[in-house]
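Chains, contacts and geometry: an overview
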Amino acid sequence: MTLHLPAPGGTTRAYHPRTEPLALTAGAPFTSRVVFSAAHVVADPYADVPPDGPAAVDWDATLAFRRHLWSHGLGVAEAMDTAQRGMGLDWAGAAELIRRSAAEAKAAGGRIACGVGTDQLSATAIGYPYSPDQVRAAYEEQLAVCEESGARAILMASRALCAVAEGPEDYLEVYGHLLRQSAEPVILHWLGPMFDPALEGYWGSTDLDAATRTFLDVIAAHPDKVDGIKVSLLDARREVELRRRLPDGVRCYTGDDFHYPELIAGDDQGFSHALLGIFDPLGPLAAEAVRTLDTGHVGAFRALLDPTVELSRHLFQAPTRYYKTGVVLLAWLAGHQSHFTMVGGLQSARSLPHLARAYELADGLGLFPDPALAESRMKHLLTVHGVAQ
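If you're wondering where the values come from, they're calculated on a predicted model, not measured in any experiment.

Thresholds applied
Residues numbered from 1 in each chain as written. Predicted model: local features only at pLDDT ≥ 70, side-chain atom pairs only at ≥ 80, totals over all residues. Heavy atoms only, no water. Phe/Tyr/Trp six-rings, centres within 6.5 Å; stacked < 30°, edge-to-face > 60°. Helix = DSSP H or I, 4+ residues; strand = E, 2+ residues; numbered from the N terminus. Buried < 20%, exposed > 50% of the residue type's maximum accessible area, 1.4 Å probe, protein only. Lys NZ or Arg CZ within 6 Å of the ring centre and 35° of its normal. Salt bridge = Lys/Arg side-chain N within 4 Å of Asp/Glu carboxyl O. Pairing = 2+ DSSP bridges. Axes fitted to C-alpha atoms, helices over the stretch in contact; angles between N-to-C directions. Contact = heavy atoms within 4.5 Å. Core = buried A, V, L, I, M, F, W, Y, C linked by side-chain atoms within 4.5 Å. 1 Å grid on protein atoms, 1.4 Å probe; cavity = no way out; pocket = protein on both sides within 12 Å on 5 of 7 lines; lining within 4 Å. Points joined across faces, edges and corners; volume = space filled by probe spheres on them. Nonpolar A, V, L, I, M, F, W, Y, C, P; charged D, E, K, R; others polar. Parallel < 35°, antiparallel > 145°, perpendicular 65-115°, else oblique. Left-handed = near helix turned anticlockwise from the far one by under 90°.

Some remarks on the packing of aromatic side chains
Under the counting rule described, the total for this entry stands at 17 aromatic pairs. With a centroid separation of 6.5 Å and an interplanar angle of 80°, the aromatic rings of tryptophan 190 and tryptophan 203 are classed as edge-to-face. On the criterion of sequence distance, the pair formed by tryptophan 190 in strand E7 (residues 186–191) and tryptophan 203 in the loop between E7 and helix H6 (208–221) is long-range, its members being 13 residues apart. For the pair tryptophan 190 and tryptophan 203, a shared accessibility class is recorded, and that class is buried. Joined through ring pairs, the aromatic side chains of Tyr139, Tyr171, Tyr175, Trp190, Tyr202, Trp203 and Phe215 make up one cluster. Above the ring of phenylalanine 271, the side-chain terminus of arginine 33 is found at 3.5 Å from the ring centroid.

Printed below as a string of structure tokens:
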């Protein structure tokens, strides 16, 4: 088999797909790390909705993908950035997703944590005309839905709070109130502006050292209500420094899709657990690597996971927030869904050369259970875009 992939200057180059996938099967639960995959949603391709309309979700395919992740021992981080929160999936769709996935998790015996945010509060022509109390109320509404579903809550960064907060004190007040009332310990989420430009200056400062102090103050005031923190700043050094300053019993979940192997492996002073969007396409391979780490073989863990970083860096290259397009492409090529359509029309957010390179890297890793199916689907995509095969 030969594919002709787009090359610079309007030319093509020959690529020969591999013929055998990696042999990866489900295994025992993890013992050394807690690992979540942030999961994407599958759009309904038959829905006649505009890009800015309510998300039309294929619930059967969406839930089937979560069962796939659970079958390999991964937890599911639901209704997060990977599920297009704020980029196609509104709060009504996210609430339904939380309820359905949490019920599915109970039936499957899978671990689940769900994103709690404030995306009921939409930006207007004059920005976010809300008060911190209104932001807090929006968080409370979503926290109630999450807790009623039986899932662990992930307090996501809020565009509205970032816009209306006058300084660190507003963050301390809003988060302190939420932590005091939460029924169970939550995961705090620090999402950097590379994932969402509207979050520039979160925790009350664009100075990351000052923002870190505020973040740690929130945790220090309520350590019994914080299961862990998810850090998505794509800065390995800062994550290591931060996790070393956490109170005992508070986990650090890496959200660094550029440096995850070294952060999960850790050092003589500790390690990170994981809550990663890249573990959506890497699920079975990531699970195999973590089980290897469970046996104490750090070198073998790195040997499995280090080669995946090139793919991850490609998918998450700037503008990073469009990484979801590559994630859904790979889910389609792997046979987890029947189409390459996304809510909000986000399948158009990456160029054909970018998608072709994502296919090539994933195929080289052996990620496709049926390489011939992936090759056939990629050939169709190329043809539709005018690249002769």
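Having seen the model, we can carry on.
Some thoughts on the pattern of salt bridges
One pass over the full model with this rule turns up 19 salt bridges. Glutamate 140 serves as the salt-bridge partner of arginine 136, at 3.7 Å between the closest nitrogen and oxygen. Note that arginine 136 and glutamate 140 are positioned in helix H3 (residues 132–149) at a spacing of 4 residues, about one turn of the helix. The salt bridge partner of arginine 159 is aspartate 196, with a shortest N-O separation of 2.6 Å. Linking arginine 159 in helix H4 (residues 159–164) with aspartate 196 in the loop between E7 and H6, this pair joins segments that are 37 residues apart in sequence.

Describing the sheet that holds strand E5 (residues 112–116)
With parallel pairing, the 8 strands of this closed barrel are ordered in space as E3-E4-E5-E6-E7-E8-E9-E10. In this sheet, adjacent strand axes meet at a mean angle of 25° when their direction is disregarded. Sheet topology note: the strand E3 (residues 35–38)/strand E4 (residues 75–78) ladder contains 3 bridges and is parallel. Note on E4: the bridge partner recorded for alanine 38 is alanine 77. Sitting on the sheet, helix H1 (residues 59–71) touches E3, E4 and E5, and the angle it makes with E4 is about 140°.

What to know about the nonpolar core
Counting 120 residues, the largest nonpolar core has Tyr175, Leu188, Tyr202, Ile229 and Phe279 as the members making the most contacts within it. Sequence-distant contacts of phenylalanine 279, defined by excluding residues within four places in its chain, comprise Val35, Phe36, Ser37, Leu69, Leu74, Tyr260, Ile264, Ala274, Ala286 and Leu305. Among the nonpolar cores identified, the runner-up in size contains 11 residues, and Ala77, Met80, Ile154 and Met156 belong to it.

Things to note about the layout of surface pockets
Over the atoms a probe the size of a water molecule is rolled, and this reveals where empty space is left. In this structure, the largest pocket occupies an estimated 590 Å³ of space. Elements represented by at least two residues in the lining of the largest pocket include exactly H4 and E7. Of the residues in the lining of the largest pocket, the class split is 15 nonpolar, 10 polar and 7 charged. Each pocket or cavity is described by its volume, and for the second largest pocket that value is around 260 Å³. Lining the second largest pocket we find 20 residues, and of these Pro284, His336, Leu367, Phe368 and Pro369 sit closest to its centre. Sorting the residues of the lining of the second largest pocket by element identifies H1, helix H9 (283–294) and helix H12 (323–333) as the ones contributing at least two each. Tallied by class, residues from the lining of the second largest pocket come to 15 nonpolar, 4 polar and 1 charged.

Digging into the packing of H3 against helix H5 (residues 168–181)
The packing of two helices is summarised by the inter-axis angle and the distance between the axes. At their nearest, the axes of H3 and H5 sit 10 Å apart, and the two run at 30° to each other. The angle between H3 and H5 falls in the class roughly parallel. In the crossing of H3 with H5, the sense of the turn from one axis to the other is right-handed. Each of Pro132, Arg136, Tyr139, Glu140 and Leu143 in H3 lies in contact with H5, whose residues at this interface are Asp170, Glu173, Val174, Tyr175, His177, Leu178 and Gln181. For the contact of H3 with H5, the class distribution of residues is 6 nonpolar, 2 polar and 4 charged.

Here's the deal with the packing of H1 against helix H2 (residues 91–108)
Following both chains from N to C, one finds H1 and H2 inclined at 45°, their axes separated by 10 Å at the closest point. Accordingly, the angle class assigned to the pair H1 and H2 is oblique. Crossing hand, H1 versus H2: right-handed. Together, Trp59, Thr62, Leu63, Arg66, Arg67 and Trp70 of H1 and Gly93, Glu96, Leu97, Arg100, Ser101, Glu104, Ala105 and Ala108 of H2 make up the contact between the two elements. Residues that form the contact of H1 with H2 fall into these classes: 6 nonpolar, 3 polar and 5 charged.

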